[in-house]
Amino acid sequence: MNFELDEGQALLRESVTRQFEALGQAPADAQTWRAFHDLGLLALPFAEVCGGLELGSEALMLVMEAFGRTLGQAPYLQAVVLAGGVLAACEGEAAEDALARLIAGQSCPALCLYEPGSRYRWDTPSTRATRTANGWRLSGRKLAVPDGGEADLLICPAASEDGLTLLLVPADAAGVTRHIRPTPDGRTAADIMFADVELTVAQAIGDVRRNHAVLAAAIDHAIVASCAEAVGAMARLIEITRDYLAGRSQFGVPLGSFQALQHRAADMLVAMEQARSITFHAVATLDAPAAERTCAAAAAKALVNRAARFVGTQAVQLHGGMGLASEYPAGRYFQRLTVIETLFGDTDHMLALVEAGGDWRK
Amino acid sequence: MNFELDEGQALLRESVTRQFEALGQAPADAQTWRAFHDLGLLALPFAEVCGGLELGSEALMLVMEAFGRTLGQAPYLQAVVLAGGVLAACEGEAAEDALARLIAGQSCPALCLYEPGSRYRWDTPSTRATRTANGWRLSGRKLAVPDGGEADLLICPAASEDGLTLLLVPADAAGVTRHIRPTPDGRTAADIMFADVELTVAQAIGDVRRNHAVLAAAIDHAIVASCAEAVGAMARLIEITRDYLAGRSQFGVPLGSFQALQHRAADMLVAMEQARSITFHAVATLDAPAAERTCAAAAAKALVNRAARFVGTQAVQLHGGMGLASEYPAGRYFQRLTVIETLFGDTDHMLALVEAGGDWRK
Amino acid sequence: MELRFTQEERLFRDEVRDYLRAHMPERIRQAVQDELPLPRAWMVEAQQILNRAGYAVPHWPVEWGGRDWTPVQRAILTEEIDRNACPKPLAFNTALVGPVIAAFGDDAQRRRFLPAIANLDIWFCQGFSEPGSGSDLASLKTAAVREGDSYRINGQKIWTTYAQHADWIFCLVRTDGSGRKQQGISFVLIDMATPGISVRPIHTIDGYHHVNEVFFDDVRIPIENLVGEEGRGWDYAKYLLGQERTSMGNVGFVRRRLDRVRAMATQSGLIANPAFRRRLTLAEVELKALEVTQMRVATADRGPGAGVDPTVSVLKIKGAELLQAAAALLLETLGPEALTAGFDEAPDAAFDGLDPHSAMLSAYFSSRKYSIFGGSDEVQRNILAKAVLGLGGAA
Amino acid sequence: MELRFTQEERLFRDEVRDYLRAHMPERIRQAVQDELPLPRAWMVEAQQILNRAGYAVPHWPVEWGGRDWTPVQRAILTEEIDRNACPKPLAFNTALVGPVIAAFGDDAQRRRFLPAIANLDIWFCQGFSEPGSGSDLASLKTAAVREGDSYRINGQKIWTTYAQHADWIFCLVRTDGSGRKQQGISFVLIDMATPGISVRPIHTIDGYHHVNEVFFDDVRIPIENLVGEEGRGWDYAKYLLGQERTSMGNVGFVRRRLDRVRAMATQSGLIANPAFRRRLTLAEVELKALEVTQMRVATADRGPGAGVDPTVSVLKIKGAELLQAAAALLLETLGPEALTAGFDEAPDAAFDGLDPHSAMLSAYFSSRKYSIFGGSDEVQRNILAKAVLGLGGAA
């Protein structure tokens, strides 16, 4: 056991962070996506046989942490980790093609998980897929798909007579309507209506007997990736807060000399370090059997959610009015951390998942 | 609405506090009980027709607060508020006699509520009362009766063929065994075994159709009284902590000049004042319909429990090692506050009671 | 000691409630209920409805529209306004500049401003904070130099709420820089239409535009706009701190938000989750305590000028905490839909047809300000440590 | 980066675990499991069992019984000792006085003391704190005056754990009062049987007797009992702060306590209450994070004398918090029976037949000490603010 980066990991972290800082926090565009492609980020988690780099979970964690530190705006979590994770786990030509286009930087897919009233349960969709003469007809409504407005390809889980069916739907297919709404982190999410969308047989990917497991694995990977992103964002936000406290005076002395504020900052650090530790544990457990993996991912997200809220709100508090202004960075980190809190499940949901996993404590 | 004491209340508070301080924290004895009698405390809550002073809930609150401030050791909460409350609400000669003896300072009764595995539910006892030719036979086990070792008369709720039956059992009756154990506040509690205790018909007091309501009312009054005691203890503990911080130096400056400690003390004050407010609300609701009264009492206890834990643990923390030593007052207040937390129900139980009461928010 | 409302107080409460429900338009109450940002015109309309019944400035001197009410009555009014989802009177007008003009202004100022302030015919904003002053208000630098019959003002104010709506601004300015920083501060009124004033919006993390920077570049105002004596502005500002005590807990606001959480959670079924329910119940219990704390503060009212009552700090700290806790419950209630439950519309945009969900995430972010502005949590704890606990001299 | 245990590390863990389970008597493990105060003889017995396998002082120099293990192995040992409910080696001996003698003592001291310290043949207690010193350790006043070949010592120590059991005490004493308070402090070893020493018990709120006051009244000790150089005691004390890092989180202790809570709650049915279960699950999740934090601290071990690693403060703060949270869950699990679940027996009283419940309430009160002793939470936060955040100069 050893927590030091090896040479390759240190190099990866350095180059990715430098590149992300250069890209800044402008909305992601085609050029950004091209840069990601050239850095190898779009191929990073995938198996070599699919054209991926197969760099492993630790590498993905480092990339996500760099995202968090720099408040990167690109839909990497959605397209590569979540949707890409599903595509990579499904056999068949359609999924393979879609993955190849993602890796080549030609496509940006999105997975549509939640529905009105579903809360964080994704495994029993109300969206229906019915068989037609030529393939499938899809109807239903999916909610709050992060970066779903930027996707050209939607992966839509639906209930069919066969079971949990995964359908690949081009975003511009007839019958697809997207309502794209801004989210507080300066990005967007889409509410998506599928109204009698006609699909071919080939557009149903995967195997209904395995789809639940495929989705669960991809979601767990995305949960852990979001934890790493949050850890990076918290670490940077604590630095920003420290600099603010050290640089600003009140009543003739630096803010950072007030012990109550010092101790608050220390508590933020404690929360962040604990979040980092549990994220390490979840990364180390990503290849474990499914029940153990899901427990570890949920445990990590539970603690990361709590830390994100504490660090985010206290950073704003320590910044005073400045923390509330959108033009200063502290508030923007708080906004992204809050968005991450709402992804995949809040603390209570995650703790319930841990409990459902039975005796995960070893 | 007005929170200032009127003249009589101010006088009561002053005289009771002075008397309690004179008695000190020595274990309660017959002399203490005599002093209580002479002060009118044993008659205070009871109706004038029973020989009581009928001073009202506000007066009882003031007395209990003075108890808390001075860490009074006498079994007043148990004998007068809880057991006395049951006796006063039961008709019949046995209950009336017992109450008269209590008021006269000749008896010290106790109510036995909990059983192995019952947690804080008192309304479905496993203790059984069965009819005999001459009256009743009582068998069962009651747990952790506060000050139950000092009682000469035990009120024991039991299940019988009639329903919830209340039996008056002399503590020295054949078949009664008490295991008296010290509690952390320097007092004692008794585990009590009733093994085929033979009782007369007259020793069953009250009316099985009303017993549940009688117990509920007495318990609610005792809950609110315990809240007032905790408020008094917290207020005094905060003063003690303030004096310690102001009087003690470290690194060449008074402890009280460290802002982190100041803010902790301020938070203790906030918690105590909120506990005081919700106790006022509960006192004001003691005469309301039962459901509303129980909700208000439970709400008060929930918040008082939380405040007691925060104020108690933080007072110890701010005292450092001194807070852990039994011979200094801070730890003893913490001990009593912890005991109060365990009386009648912990925070979770109290919140569940509030929820069970339906729409208590008005 | 009388821990319950008296019969008279209950009747008073019913009277207030009946008036509010009868006269406040449903569209305004619904918008307040949904925590949407209100258009300026609606806020004026609402205050005039209150003022017509004497509900805008009951704490003022009777000759200027005040009512000779008990503190409990005033607290009941505040609570009913909040509970019935009515907009509160604009605090800058009724709680801040109005009482100062009433107490320290001259007769001409009183006649000119007080009726217009009460009726929101003139909208005032507040120019106290400056960049760099933070909680150390007295370090302000905006300078007013006497030149004949006028002052020439240069400097900058920040966090000025509703400067974009305001007709006038009341400012603390430095008229003398020679003594202690608390000395040489004066209290002046400035017409926002005066040449040399510019307003720059500060967009906040709730997605809205409430606050601003206000710049003064050689702004000339007549000396008649000085309130009271030159150099005593700090005293007047401290006088203000003794005012507006009963609304500091935001009790009614918390109540509305928690009621909304319960209604939404009941509809969605989330209420069946006991872990969630306990958190909601605890918040409701805390709120009940805060209601009593508010009444304790209100009835301990020691009149204007009596200085700071430290229990107000308990109210302020706990009120902010509960408003934030309620906002967090709102977020939890929304589930994944929280992601898109806000940030959809520009402020003061066409108002009809706004998704009632749309302001909820904004409310979450906006709630952070309650522990920062109006005396931060940290300042309140300093006050408690010093005033109540006798602990002081801290860094 | 290798976030999992290696195959070798897993084998090592199994080896340790097997030894502990095979050799540590069940009565001792049961008493540790029940958090009962152990008789002195049992603690000696347990440490000798550990020492026989080289488990008492693996971090010492190899020539004095140490093992040339990796930091991960040492961390695994600590955790397995805790997890299998074995008593830890007496920290005063193995983590504190031993390493100082090994590093700074002379050969005679090493030969005389180190084997006996490792085997608990000599029991040391610690004389650092004094009345009035609190966290400001260097303000100590106990004076050692050189008189020929001996020191004459006068003064008082406080919070001396197990002074009633100890054969020797290691003390910081003032040998020179002229310079800065950190100067003129020396590190000496004192036989507790020396005339002039008296021990007064301090009873604590957990109902037990762990700590004491120790009085020195003209106590004479030979100068051979000075460790290292006169006047450098403060340096040696600081050296100690860099030691004993991996056990500061009390990870295994928290684990045992939480396991006990879960077992009791499962038996009583309380586990069916989701609100309770969430609290327990959260504590377990926090503990899992703490286990990783502990390994991070262990593997970042920079050797003796490298000074303070601030991440240790995270471990210390969070370990205490979790131990206290677990104690609170224990209290909740007991329900009304908490009232009588402790305070029943005198310390070191006849050991058989103690109710296994009897120490639980004691555990609740005892847990408070973890955020006070060994560098209070407040001191740890100061360290973090200064060392990691670069914020300093506070009052």
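Starting afresh in each chain, residues are numbered from 1 along the sequence in its written order. For this description, chains carry letters from A and ligands carry numbers from 1, given in the order in which they are written. Selection of residues for local features in this predicted model requires a pLDDT of at least 70, selection of side-chain atom pairs for listing and counting requires 80 or more, and totals for whole chains, interfaces and linings are taken over all residues. Heavy atoms from the whole structure form the basis of all side-chain values; hydrogens and water molecules are not counted.

Under an unreviewed UniProt entry, the name given to chain C is Pimeloyl-CoA dehydrogenase large subunit, and the organism recorded is Sphingomonas turrisvirgatae. UniProt positions are given in the numbering used here, feature names are shortened, and annotations may be inferred rather than shown by experiment. UniProt, in the comment section headed Cofactor (unreviewed entry), describes chain C in these words: "FAD". UniProt lists a comment for chain C under the heading Sequence similarities (unreviewed entry), and it reads "Belongs to the acyl-CoA dehydrogenase family."

Going by what an unreviewed UniProt entry lists, chain A is known as Acyl-CoA dehydrogenase and is assigned to Sphingomonas turrisvirgatae. Heading Sequence similarities (unreviewed entry) of the UniProt record for chain A holds this comment: "Belongs to the acyl-CoA dehydrogenase family." In its Cofactor (unreviewed entry) section, the UniProt entry covering chain A states "FAD".

Student: So what's going on with the overall build of chain A? Which residues, and what values?
Tutor: Helix and strand assignments come from DSSP, with helices taken as H or I runs of at least 4 residues and strands as E runs of at least 2, each series counted from the N terminus. Looking only at helices and strands, one finds 11 helices and 10 strands in chain A. Atoms counted for the radius of gyration: C-alpha only. Globule rule: 2.2 Å times residue count to the power 0.38. For a compact globule of 362 residues, the expected C-alpha radius of gyration is about 21 Å, and chain A comes in at 21 Å, within 12% of that figure. With the C-alpha coordinates of chain A rotated into their principal frame, the extents come out at 80 × 45 × 40 Å. Only protein chains enter the accessibility calculation, which uses a 1.4 Å probe; a residue whose area is less than 20% of its type maximum is buried, one above 50% is exposed, and one in between is partly exposed. Out of the 362 residues in chain A, the part that is buried amounts to 62%. Sequence-distant contacts, at least 24 apart, represent 73% of the contacts inside chain A between residues at least 6 apart. His is not counted here, nor are the chain ends, while Lys and Arg score as positive and Asp and Glu score as negative. All charge positions are set by atom: Lys at NZ, Arg at CZ, Asp at CG, Glu at CD. In chain A, 30 positive and 42 negative side-chain charges are present, and the distance between their average locations comes to 6 Å. The contact criterion used throughout is that any non-hydrogen atoms of two residues lie within 4.5 Å.

Student: Please set out the relation of the copies chain A and chain B residue by residue, giving values where relevant.
Tutor: Superposing chain A onto chain B takes a rotation of 180 degrees combined with a translation of 0.0 Å along the rotation axis, leaving an RMSD of 0.0 Å. When the rotation and shift are considered jointly, the pair of chain copies conforms to a two-fold rotation axis. Closest to the rotation axis within chain A is the C-alpha of A260(A), separated from it by 2.1 Å. When the interface residues of chain A are mapped onto chain B, 100% of them again lie at the interface, so the same face is used by both copies. Least squares is the method for superposing the copies, and the C-alpha atoms it fits come from residues with pLDDT of at least 70 in both.

Student: Give a description of the UniProt feature "domain: Acyl-CoA dehydrogenase/oxidase C-terminal" (unreviewed entry) in chain A that names residues and reports values.
Tutor: Those residues carrying the UniProt feature "domain: Acyl-CoA dehydrogenase/oxidase C-terminal" (unreviewed entry) are residues 217-355 of chain A in this numbering. For residues 217-355 of chain A, the helix share is 82%, the strand share is 3%, and the end-to-end C-alpha distance is 18 Å.

Student: Provide a residue-level description of the interface of chain D and chain A, including the pertinent values.
Tutor: At the junction of the two partners, chain D supplies 42 residues and chain A supplies 44 residues. Roughly 4,300 Å² of surface becomes buried between chain D and chain A when both sides are summed, with 62% attributable to carbon and sulfur atoms. Basic side-chain nitrogens of Lys or Arg form a salt bridge, by our definition, when they fall within 4 Å of a carboxyl oxygen of Asp or Glu. Where E58(A) meets R4(D), a salt bridge forms, and the shortest distance between an N and an O atom there is 3.5 Å. Any pair of N or O atoms that falls within 3.5 Å is considered a polar contact. Within protein, one atom must be able to donate a hydrogen and the other to accept it, and sequence-neighbouring residues count only if both atoms are side-chain atoms. Remark: the boundary between chain D and chain A carries 17 residue pairs in polar contact (both at pLDDT 80 or more). Listing elements by their share of the side of chain D that touches chain A, those giving two or more residues are α4 (71-83), α8 (251-268), α9 (274-299), α10 (311-334) and α12 (377-388) of chain D. The element contributing the most residues to the side of chain D that touches chain A is α9(D), with 15 residues. In this description, buried area is defined as the sum, over both parts, of the accessible area (probe of 1.4 Å) that is lost when the two are combined.

Student: Describe the confidence of the model for chain C, with residues and values.
Tutor: All names here are of chain C. For chain C, the average pLDDT comes to 90, and 91% of its residues sit at 70 or higher. Predicted confidence is poor over residues 345-354, with pLDDT under 50, and the contacts of this stretch with residues over four places away or in other chains come to 12 contacts. Predicted complex, confidence summary: ipTM 0.94, pTM 0.95. Values of pLDDT, which run from 0 to 100, indicate the predictor's confidence residue by residue.

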